[in-house]
Amino acid sequence: MVTKKRRLIGAGVIGISAIAALAIVGIVAAVTGTIVAGGWSTLSWEFLTAAPSEGMTAGGIFPAIVGTVFLVVMMSIAGVPIGTVTAIYLCEYAGTRSVLARGIRFAVNTLAGVPAIVFGLFGLGFFIQFVGGGIDRALTGGAELRWAQPNILWASLTMALLTLPVVIISVEEAIKTVPQDLRAASLALGATKWQTIRRVVIPNSLTGIMTGGILAVSRGAGEVAPILFTGAAYFLPHLPTALSDQFMELGYHIYIMSTQSTDVDATRGIQYATTLVLLLLTFLLNFSAIYLRSRIRARQQRS
Amino acid sequence: MTTGPLPLQPKISTSTLSVLYGAKAAVKNVSLDIPANKVTAFIGPSGCGKSTFLRSFNRMNDLIEGAHIEGSVRIDGVDIYDRGIDVVELRKRVGMIFQRSNPFPKSIYDNIAYGPRVNGIRDRKRLDEIVESALRRSAIWDEVKDDLGKSALALSGGQQQRLCIARALAVDPSVLLMDEPASALDPTATGKIEELIYELKDRYTIVIVTHNMQQAARVSDLTAFFYLGELVEFDETRKIFTAPSHRQTEEYITGRFG
Amino acid sequence: MRSAISRSVDPAFAQHLNTVSTMKQHQHEATRLLTRADLRKRTRPAEFIAETSITGIAFVSLAAIVMIFIFAFREAAPIFSQPDVAAGQVQAPIEEQETYGEEMVASAPESAAPGKESARTDRDAEEGATLENLLGSVWQPVSSVPKFGLLPLVVGSFKVTLLAILLAAPIGILAALFTASFAPRWSREVLKPTIEILAGFPSVVIGFFGLVTLATLLQSVFGYTYRLNAFVGGVAMSLAVIPIIYTVTEDALNAVPKYLTEASLALGATKWETALFVTLPAATPGVFAAVVLGFGRAFGETMIVLMVTGNAALLSPGIFEPVRTMSATIGSEMAEVVFGDTHYTVLFLIGAILFLFTFSLNAVAEIFVRKRLLRRFGGG
């Protein structure tokens with residue numbers, strides 16, 4: 001018998017949990033809505049293609065967009081191949097008792113939980129001080145400070161490291177969905193292991209590799225902490241032309257404009273619009289990753 | 001009971017072969033000679049080790065971690081588990097058809113050409129010839145000759161399995177191992193596969209694992225019955241199915257267990 | 001040559017085989033025999049190169065990761081190797097830092113106690129980063145007598161993190177319970193992508209939202225003095241933590257075997273009773289892990305706190321006071337320090353502490369999710 005009291009409590013429990021769920025939807029709607037509402041009127045073609053002007057109180061965000069694109073492209077070039085190959089190693093070459101594989105798995109799990117700011121510290125300590133300093137000493141005897149400074153190269157490499165686990169994990173997931181039957185078919189035909197990987201495994205996990213890349217780019221485009229002191233610049237009169245140049249970046253631009261601008265209130269429109277651009281960018285990336293992943297999962301269920 | 005040197009070697013010959021997964025033996029101490037250009041069927045209840053035994057002929061068991069063998073397997077007198085043996089070369093000469101048809105998600109043409117290509121054949125004309133002859137030999141040419149560019153996955157189950165046979169033939173093996181090749185197919189498709197097997201034995205030594213006793217009776221010349229990893233009886237198929245000499249064989253064949 | 005006659009084949013049959021084989025052999029010239037030469041081991045350079053380079057790159061990626069561990073601590077190391085800290089005491093500061101959270105209250109008065117340590121402090125005043133100094137309650141790294149008291153930063157981090165968890169945990173857990181136990185299909189299909197969107201918000205976007213919208217809104221509701229403070233930080237941070245808590249909790253709830261819930265329903269329990277008294281308790285380890293992971297995420301998050309907590313490194317009791325967290329301190333000060341000096345080293349020390357702390361939290365969560373769930377559900 002379901003008594004009236006039980007039914008009442010039940011309604012309460014379900015109601016409260018539904019409210020919590022609703023709250024999440026509300027939060028997402030509120031954040032998105034606020035930013036769209038605040039940035040829509042400022043957003044224009046000119047805003048996207050012009051450089052900031054009048055002491056960053058007017059103009060557009062073109063250099064920040066370019067800087068962000070440079071950053072994620074260089075980060076992907078450095079990180080995606082290494083992550084992909086590492087995932088191939090883990091899935092295809094490493095035995096269950098491989099020390100290297102276990103080390104990598106442990107490190108990847110650890111890395112995924114390390115705060116982004118710690119990556120920034122690493123970039124500073126390792127890339128700038130250690131590697132950059134080393135290059136400078138080798139080239140000029142340390143007389144000239146060229147590589148031992150924040151720049152787009154070190155920022156990209158730092159970001160590549162941050163996104164390495166993302167790549168490894170999603171490529172691994174994709175490789176695992178390649179049916180064992182296909183590997184067996186290839187090997188039984190007298191294909192070698194590498195031939196099997198190159199002709200069967202990799203072509204069949206391309207979507208997953210792409211997903212990994214996109215997720216990494218999305219993560220990289222959204223993180224600011226690692227580049228705070230490894231290469232992002234407050235303002236640059238020109239676009240980066242060398243690896244040793246600093247660069248402007250969307251997320252960093254939002255941070256700077258909203259906390260350290262000379263006239264925070266006057267530039268609200270710019271801040272909102274920049275945030276909107278970043279948000280649209282990450283939305284686009286995440287949705288394409290989700291779409292690709294759902295295709296992989298569908299394949300996995302079919303086989 | 002040595003009868004002196006034989007005029008001809010068996011195609012495949014195992015001697016006290018055991019296949020172990022870790023400490024557990026899936027195949028126990030089996031000695032068996034399989035003649036060339038015959039169809040030999042392995043029957044027995046599931047888990048009796050017949051598939052494992054079959055997979056030891058092209059060393060597919062090597063892919064399972066912890067699997068190893070004791071005893072020996074010889075093909076044309078060559079010990080295939082010898083240190084100096086190249087597994088990749090072995091598998092080119094001992095083809096395998098799997099229980100579930102497993103075409104690559106590529107075109108029909110690319111499926112057949114896969115083996116020749118990994119062997120370094122690039123010449124388009126040569127590949128065309130190989131593809132056509134493999135498809136003809138597996139009796140599927142007439143059905144697919146107009147859609148060689150179509151995805152192999154678009155074919156029916158039975159066609160896919162014959163495609164897989166064609167794919168194996170394209171590497172030109174002398175032995176074909178078939179691991180329950182028709183278990184997932186309907187009777188019509190099964191019939192076609194069986195017909196094909198019959199035609200192929202002129203050129204190939206065929207070993208087929210099957211749980212379907214009618215199938216073994218229909219297609220094979222010789223039948224080996226396995227039980228719990230051991231070889232119980234090996235004889236002419238006709239004899240096994242009419243006058244088995246072991247009680248266990250008889251009980252299995254008459255359907256009392258399995 | 002050994003006999004072709006096998007154990008269980010009768011001799012007559014073997015004889016027959018041989019004859020038949022011989023006949024066949026004559027009929028079919030096509031029959032090809034394998035020779036040892038066919039099967040001899042080949043050298044395959046491509047194979048070797050592929051395997052070597054793949055393993056090599058895998059090793060590089062491990063090495064890169066290991067480098068992080070090394071360099072996060074390497075730059076902080078000078079603190080522990082100051083000449084007048086005796087070898088035997090070197091370990092002391094590390095231990096104090098790691099367990100700082102729990103022993104915060106206890107260790108502060110301890111360090112103020114006179115004795116050997118305070119005697120050393122006088123000598124080291126200009127050195128800066130002594131144990132005494134690090135345990136102090138004032139963070140003034142750029143004054144004439146720099147003070148590196150970590151206490152306000154640690155307290156700031158805990159304030160914001162705890163507030164975020166207090167908000168995010170109920171919402172995340174209840175929403176997960178709703179999705180797993182009550183939600184109709186259509187609402188689940190709305191909620192899942194919504195969570196993915198929330199998880200995909202860059203933290204700088206959340207920080208911006210907190211700074212321009214939340215801060216004003218909350219101030220008008222609660223009427224406190226400082227527009228940016230620990231409370232606003234906690235609320236904004238909870239937005240970043242909800243997706244983690246939700247996702248991990250939902251996984252744990254879904255991992256509860258069907259037979260448990262079905263048994264409960266069969267016994268006449270209602271849907272909500274089953275959810276509350278069967279599903280949720282069975283998933284407790286997972287829920288706990290979710291909260292721990294959320295805690296780690298909040299503790300290490302930088303951009304949100306950098307933008308909305310007011311960034312005043314002051315020790316204060318209230319939650320409506322501006323604070324400065326450990327991560328925000330690194331973020332805002334690292335760009336301006338001189339490489340290699342004490343301030344730089346102390347910032348790296350803070351980073352190392354963050355690293356160790358979040359690492360331990362993740363390890364704990366991992367143990368709870370893996371071990372406990374496995375034990376409880378026997379491999380599920």
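Note that the structure is predicted; figures quoted are calculated from it, not measured.

Draft legend 1. Layout of the overall build of chain B. Counting its regular elements, chain B contains 10 helices and 10 strands. Here the C-alpha atoms of chain B give a radius of gyration of 18 Å, agreeing with the 18 Å that 2.2 N^0.38 yields for 258 residues. Overall size of chain B, expressed as C-alpha extent along the three principal axes, is 55 × 45 × 40 Å. Within chain B, counting contacts between residues at least 6 apart in sequence, those at least 24 apart form 67% of the total. With the model as given, the accessible surface of chain B reaches about 10,200 Å², and the carbon-plus-sulfur share is 47%.

Draft legend 2. Main features of the overall build of chain A. Across its full length, chain A holds 11 helices and 2 strands. In chain A, the order of α-helices and β-strands from amino to carboxyl end is α-α-β-β-α-α-α-α-α-α-α-α-α. Projected onto its principal axes, the C-alpha coordinates of chain A cover approximately 75 × 65 × 35 Å. Counting over 303 residues, chain A shows a buried share of 57%. Counting only contacts in chain A whose residues sit at least 6 apart along the sequence, the fraction spanning at least 24 positions is 73%. On chain A, roughly 12,300 Å² of surface is accessible, and the fraction owed to carbon and sulfur atoms is 66%. Looking at charge distribution, chain A has the averaged site of its 21 positive side-chain charges lying 23 Å from that of its 13 negative ones.

Draft legend 3. Structural detail: unusual backbone geometry. Residue and element names in this part refer to chain B. With a phi close to 55 degrees, Asn29 is a non-glycine residue in the positive phi region. Residue position: Asn29 is located in strand E2 (residues 24-34). Judged by relative accessible area, which is 39%, Asn29 ranks as partly exposed. Although it is not a glycine, Ala139 sits at a positive phi angle of roughly 55 degrees. For Ala139, the location among the structural elements is in the loop between helix H4 (124-137) and helix H5 (141-144).

Draft legend 4. Structural view of a nonpolar patch on the surface. Residue and element names in this part refer to chain A. A cluster of nonpolar residues, Val69, Phe70, Val73 and Ile77, forms a patch on the protein surface that exposes about 350 Å² of accessible area. Tracing the backbone through its elements, the reader meets Val73 in helix H3 (residues 62-93). Using a relative accessible area of 43% as the deciding quantity, one classes Val73 as partly exposed.

Draft legend 5. Geometry of the domain arrangement of chain A. Residues and elements named next belong to chain A. Split into domains, chain A comes out as domain 1 (1-39) and domain 2 (44-302). Relative placement of domain 1 and domain 2: their C-alpha centres are 35 Å apart. Counting from both sides, the interface comprises 6 residues of domain 1 and, opposite them, 6 residues of domain 2. Our count for the domain 1 to domain 2 interface comes out at 0 salt bridges. For the pair domain 1 and domain 2, the interface holds 0 residue pairs in polar contact (both at pLDDT 80 or more). Tallied by class, residues from the side of domain 1 that touches domain 2 come to 2 nonpolar, 4 polar and no charged.

Draft legend 6. Representation of the sheet that holds strand E10 (residues 230-236) of chain B in the model. All names here are of chain B. The strand order across the open sheet formed by 6 strands is E6-E7-E8-E3-E9-E10, and the pairing between neighbours is mixed. In this open sheet, the two edge strands, each paired with only one partner strand, are strand E6 (94-97) and E10. Direction aside, the axes of adjacent strands within the sheet are offset by 15 degrees on average. Both strand E3 (residues 39-43) and strand E9 (residues 222-227) contribute to a ladder of 4 bridges, which runs parallel. Bridging from a neighbouring strand, Phe42 pairs with Ala224 of E9. Sheet strands touched by helix H6 (residues 157-169): E6 and strand E7 (175-179). Its angle to E6, the strand with the most contacts, is close to 170 degrees. Each of E3, E7 and strand E8 (205-209) touches helix H7 (residues 187-200); the most contacted strand, E8, lies at about 150 degrees to it.

Draft legend 7. Representation of the pattern of salt bridges in the model. Here the structure, examined in full by the defined rule, presents 31 salt bridges over all chains. Note that Arg124 of chain B is salt-bridged to Asp128 of chain B, the shortest N-O span being 3.6 Å. With a gap of 4 residues between them, Arg124 of chain B and Asp128 of chain B both fall in helix H4, about one helical turn apart. Judged by its relative accessible area of 32%, Asp128 of chain B is partly exposed. The partner of Glu236 of chain B in a salt bridge is Arg238 of chain B, with the nearest N and O atoms 3.1 Å apart. Given the relative accessible area of 18%, Glu236 of chain B is considered buried. On the basis of relative accessible area, Arg238 of chain B is assigned to the exposed category, the value being 58%. By sharing partners, the salt bridges in this structure join Asp86, Glu89, Lys92 and Arg93 of chain B together with Arg42 and Arg44 of chain C into a single network.

Draft legend 8. Representation of the sheet that holds strand E1 (residues 12-21) of chain B in the model. Residues and elements named next belong to chain B. In space, the 4 strands of this open sheet follow the order E2-E1-E4-E5, with antiparallel pairing throughout. What marks the edges here is a single partner per strand, and that holds for E2 and strand E5 (78-79). As paired strands, strand E4 (residues 67-75) and E5 are joined by 2 bridges and run antiparallel to one another. In the strand pairing of E5, Arg74 is matched with Asp79.

Draft legend 9. Region of the structure containing the pairing of E9 of chain B. Residues and elements named next belong to chain B. For E9, the buried fraction is high: 5 of the 6 residues fall into the buried class. Across 6 bridges, the pairing between E9 and E10 is antiparallel. Across the sheet, Ala224 pairs through a bridge with Phe234, a residue of E10. Here E9 folds back onto E10, and the loop between the two strands holds 2 residues, one of which, Leu228, carries a positive phi near 50 degrees.

Draft legend 10. Quick look at the interface of chain A and chain B. Contact residues are listed per partner, giving 19 residues for chain A and 23 residues for chain B. Roughly 1,800 Å² of surface becomes buried between chain A and chain B when both sides are summed, with 61% attributable to carbon and sulfur atoms. Linking chain A with chain B are 1 salt bridge, by the criterion used here. Between Asp181 of chain A and Arg100 of chain B there is a salt bridge, with its nearest N and O atoms 2.8 Å apart.

So, how was this worked out
- Residues numbered from 1 in each chain as written.
- Chains lettered and ligands numbered in written order.
- Predicted model: local features only at pLDDT ≥ 70, side-chain atom pairs only at ≥ 80, totals over all residues.
- Heavy atoms only, no water.
- Helix = DSSP H or I, 4+ residues; strand = E, 2+ residues; numbered from the N terminus.
- Rg over C-alpha atoms; globule rule 2.2 N^0.38 Å.
- Contact = heavy atoms within 4.5 Å.
- Areas by Shrake-Rupley, 256 points an atom, 1.4 Å probe, with all protein chains shown as cover.
- Buried < 20%, exposed > 50% of the residue type's maximum accessible area, 1.4 Å probe, protein only.
- Lys, Arg positive; Asp, Glu negative; His and termini not counted.
- Charge placed at Lys NZ, Arg CZ, Asp CG, Glu CD.
- Patch = residues over 30% accessible without salt bridge, like charges linked within 9 Å, V, L, I, M, F, W, Y side chains within 5 Å.
- Salt bridge = Lys/Arg side-chain N within 4 Å of Asp/Glu carboxyl O.
- Domains from an automatic or database assignment.
- Polar contact = N/O pair within 3.5 Å; in protein donor to acceptor, adjacent residues only side chain to side chain.
- Nonpolar A, V, L, I, M, F, W, Y, C, P; charged D, E, K, R; others polar.
- Pairing = 2+ DSSP bridges.
- Axes fitted to C-alpha atoms, helices over the stretch in contact; angles between N-to-C directions.
- Buried area = accessible area lost by both parts, 1.4 Å probe.

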